[in-house]
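# Structural features, examined
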Amino acid sequence: MKTINGKLIATKLNSNLKSKVSYLKKKHKIQPKLVVILVGKNPASEVYVRNKSIKAAEVGIKSVIKRLDAKITEEEILKLISIYNQDNEIDGILVQLPIPMHIRSEKVIDSISFEKDVDGFNSKNIGLLALGRPHVIPCTPLGCLKLLQEELNLSGKDVIIIGRSNIVGKPLSLLLTSENATVTLAHSKTKNLKNLCRNKDVIIAATGIPKMVKKDWVNNKSIIIDVGINQILDNNKNKILVGDVDFASVFSKVKAITPVPGGVGPMTIHCLLQNTFDLALKRRNIKEV
Ligand code: NAD
């Protein structure tokens, strides 16, 4: 039993990235720039966006938060993204999800040019990931991969991912398949989920259901990656964050597990910044820093 300290790993990776950003600035007079588009006033999104911009500043990446009214039309967002696509100073464009229902998120995401699609969510980037020749790898899946690589060699390992969303489960299944893991992608219609989990080397939970994975779902060789971020009330009616895994009961049984908070979250932000940096280099055809 061991905690996989995502916060510490992300801090080390961010510090390494900071040196590279600083070198890029000195040698090429380039400072990577990220634009985050936030539509409406979703409190969780506000927190995520703020954390992203704080960490960007720490590693020396410029970041701008573009706040848009919840009533903005799809056409207006598309126009704005088209301006950002052509702005030579911008390296990465991210639309913080979810966005209001009257705007088609797939249309908006596909309008981000694939060279600046820092989240790696548009159809071309997901297609390239599926083909095993990624241009940008989505941040949370990439963060999960980096955490797993600290713990084991994925080749030939049995992995189950619970949750098949377009932003976590699906791209992660493609990514881990490319790493030669044998991947089961489970979802809300999967039967006998507990039994499917029991004999796996790796269990990744990404459902948004608080404490769903219990002690009798895991074994003593399991490595658990908990992607979930859920706000619940504790016994004293205080708001707390928990994952999709029942950490307290599972911890003593498994080989290793990520905590919530302090596991996948900081790695997602690190990967966003690394992707911004990588796109800044690729767009200018700079090979190595
Ligand atoms: P989503 O709601 O888009 O998808 C949830 C998935 O879980 C669906 O594929 C659904 O089929 C599956 N599911 C739901 N109920 C299930 C059940 N009973 N059994 C099996 N599968 C079930 O969610 P998402 O956007 O992928 O996010 C999942 C969780 O990860 C959320 O808690 C979210 O806050 C968190 N998240 C964390 C990060 C991070 O950086 N740590 C990033 C993205 C999302």
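Described in the following lines is the structure provided in the data block. What you are looking at is a predicted structure, and each value in this text was computed from that prediction instead of being measured.

## A word on helix α10 (residues 264–283)
For an α-helix the count is 3.6 residues per turn, leaving residues at separations of three or four pointing the same way. With 20 residues, α10 ought to run about 28 Å at 1.5 Å a step, and its terminal C-alpha atoms sit 28 Å apart, in line with that. Counting buried residues along α10, 15 of its 20 residues qualify, which places the element largely inside the surrounding structure. Residue Asn 285 follows α10 closely and has a positive phi angle near 60 degrees.

## Structural notes on the sheet that holds strand β6 (residues 202–205)
The 5 strands lie next to each other as β5-β4-β6-β7-β10, forming an open sheet whose pairing is parallel. Looking at the sheet topology across the chains shown, the edges are occupied by β5 (182–186) and β10 (256–257). With 4 bridges connecting them, β6 and strand β7 (residues 223–226) associate as parallel partners. Directly across from Ala 205, in β7, lies its bridge partner Asp 226. Contacts between helix α6 (residues 139–151) and the sheet are confined to β6, β7 and β10, with β7 contributing the most and set at about 160 degrees to the helix. Packing of helix α7 (residues 169–178) onto the sheet brings it into contact with β4 (158–162), β5 and β6, and relative to β5 it is tilted by some 170 degrees.

## A short note on the pattern of salt bridges
Tallying each qualifying case throughout the model produces 10 salt bridges. In this structure, Arg 104 and Glu 74 form a salt bridge, with 2.5 Å as the shortest nitrogen-oxygen distance. Remark: Glu 74 occurs in helix α3 (residues 74–86) and Arg 104 occurs in the loop between β3 (92–95) and α4 (105–111); sequence separation between them is 30 residues. With a shortest N-O distance of 3.9 Å, Lys 214 and Asp 246 are connected by a salt bridge. Of this pair, Lys 214 sits in the loop between β6 and β7 while Asp 246 sits in the loop between β9 (239–242) and α9 (247–250), and the two are 32 residues apart along the sequence. You can call Lys 214 partly exposed: its relative accessible area is 35%. Using a relative accessible area of 15% as the deciding quantity, one classes Asp 246 as buried. Taken together, the salt bridges that share partners define one network made up of Asp 91, Arg 283 and Arg 284.

## Quick word on the site of the ligand
With respect to spatial proximity, 22 residues lie near the ligand, and among them Arg 164, Ser 165, His 187, Val 227 and Thr 268 are the closest. Between the ligand and Ser 165 there is a distance of 2.5 Å, counted from an oxygen atom to a side-chain nitrogen or oxygen. A breakdown of the residues in the shell around the ligand according to their chemical character gives 10 nonpolar, 11 polar and 1 charged.

## Overview of the packing of helix α1 (residues 6–28) against helix α2 (residues 43–59)
Packed helix pairs are characterised by how far apart their axes lie and by the angle those axes make with each other. One way to put it is that α1 packs onto α2 with a least axis distance of 8 Å and a crossing angle of 55 degrees. Considering their axes alone, α1 and α2 lie oblique with respect to each other. Here Asn 14, Leu 17, Lys 18 and Val 21 of α1 lie close against α2, whose contacting residues are Lys 55, Glu 58 and Val 59. Looking at side-chain class alone, the contact of α1 with α2 contains 3 nonpolar, 1 polar and 3 charged residues.

## What about the pairing of strand β8 (residues 230–233)?
As paired strands, β8 and β9 are joined by 4 bridges and run antiparallel to one another. Directly across from Gln 231, in β9, lies its bridge partner Leu 241.

## A few points about the state of the cysteines
Per the counting criterion, the structure on display carries 0 disulfides. As a non-bridged cysteine, Cys 139 has Cys 271 as the owner of its nearest cysteine sulfur, 6.4 Å distant.

## Structural notes on the sheet that holds strand β1 (residues 33–39)
Strand order in the open sheet formed by 3 strands is β2-β1-β3, with parallel pairing between adjacent strands. Only two strands of the sheet have a single neighbouring strand rather than two, namely β2 (62–68) and β3. In this sheet, neighbouring strand axes are inclined to one another by 15 degrees on average, regardless of whether the strands run parallel or antiparallel. In this structure, β1 lies alongside β2, joined through 7 bridges in parallel fashion. Within β2, the residue paired with Lys 33 across the bridge is Lys 62. Sitting on the sheet, α3 is in contact with β1, β2 and β3, with an inclination near 175 degrees to β1.

Conventions used here
- Residues numbered from 1 in each chain as written.
- Predicted model: local features only at pLDDT ≥ 70, side-chain atom pairs only at ≥ 80, totals over all residues.
- Heavy atoms only, no water.
- Helix = DSSP H or I, 4+ residues; strand = E, 2+ residues; numbered from the N terminus.
- Expected span 1.5 Å × (residues − 1).
- Buried < 20%, exposed > 50% of the residue type's maximum accessible area, 1.4 Å probe, protein only.
- Pairing = 2+ DSSP bridges.
- Contact = heavy atoms within 4.5 Å.
- Axes fitted to C-alpha atoms, helices over the stretch in contact; angles between N-to-C directions.
- Salt bridge = Lys/Arg side-chain N within 4 Å of Asp/Glu carboxyl O.
- Near = heavy atom within 4 Å.
- Polar contact = N/O pair within 3.5 Å; in protein donor to acceptor, adjacent residues only side chain to side chain.
- Nonpolar A, V, L, I, M, F, W, Y, C, P; charged D, E, K, R; others polar.
- Parallel < 35°, antiparallel > 145°, perpendicular 65-115°, else oblique.
- Disulfide = S-S within 2.5 Å.

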